[in-house]
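Listed here are the chains, written in short residue letters.
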Amino acid sequence: MGIKHATDADFEALVVNNDKPVVVDFWAAWCGPCKMVAPEMEKLAAKYEGSVDVVKVDVDANPRISQAFRIMSIPTIAFFKPGAQPQGVVGFRPMEQLETQFGLAEFVKADA
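Residues numbered from 1 in each chain as written. Predicted model: local features only at pLDDT ≥ 70, side-chain atom pairs only at ≥ 80, totals over all residues. Heavy atoms only, no water.

A few words now on the pairing of strand β5 (residues 87–90). Bridge count between strand β4 (residues 76–80) and β5: four bridges; the pairing is antiparallel. Each bridged residue has a counterpart across the sheet, and for alanine 78 the counterpart in β5 is glycine 88. Count of turn residues in the β4/β5 antiparallel hairpin: six residues, of which glycine 83 carries a positive phi of about 80 degrees. (Pairing = 2+ DSSP bridges. Helix = DSSP H or I, 4+ residues; strand = E, 2+ residues; numbered from the N terminus.)

And the structure:
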């Protein structure tokens, strides 16, 4: 399925109410570091297919989400684990660093 793109209208359904953990990339088309993060998000989506959803949010097109989560700098990568407060990091991070930061190893499917 790959990366999903959330809007103000469907963010809650795709992320907040998701029964799976979700990594969210808050980005903008004009943001250079955001372009560097994009391939890392692709890698995460491929590695955790079926275990962790990866969602991108264009902050310019979806200002309500950015305001709700107080996104002040981009790229911001946030991790939404069901039943827990979201956590996030600002700026470029390689996939491996994001995996460690968010503890994604625990979500790898056994058959992977």
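And the narrative resumes.
Another aspect to go through is the sheet that holds β4. If you walk across this open sheet you meet the five strands as β1-β3-β2-β4-β5, and the pairing is mixed. Strand pairing shows two members of the sheet lacking a second neighbour, β1 (4–5) and β5, which therefore form its edges. Relative to β4, strand β2 (residues 22–27) runs antiparallel, the two sharing five bridges. From the neighbouring strand, valine 24 faces β4, where its bridge partner is alanine 78. Sitting on the sheet, helix α2 (residues 32–47) is in contact with β2, β3 (53–58) and β4, with an inclination near 165 degrees to β2. Contacts between helix α4 (residues 95–102) and the sheet are confined to β4 and β5, with β5 contributing the most and set at about 150 degrees to the helix. (Contact = heavy atoms within 4.5 Å. Axes fitted to C-alpha atoms, helices over the stretch in contact; angles between N-to-C directions.)

Take the packing of aromatic side chains next. Across all of its chains, the model carries six aromatic pairs by this definition. With 5.3 Å between their ring centres and 85 degrees between their planes, phenylalanine 69 and phenylalanine 80 make a pair best called edge-to-face. Of the two residues, phenylalanine 69 sits in the loop between α3 (63–68) and β4 while phenylalanine 80 sits in strand β4, which places them 11 residues apart along the sequence. Of the aromatic side chains, those joined through ring pairs into one cluster are Phe11, Phe26, Phe69 and Phe80. (Phe/Tyr/Trp six-rings, centres within 6.5 Å; stacked < 30°, edge-to-face > 60°.)

Our next topic: the pairing of β4. Burial of β4 is extensive: five of the five residues sit out of reach of the surface. A two-sided burial pattern is seen for β4, the buried positions comprising Thr76, Ala78 and Phe80 on one face and Ile77 and Phe79 on the other. (Buried < 20%, exposed > 50% of the residue type's maximum accessible area, 1.4 Å probe, protein only.)

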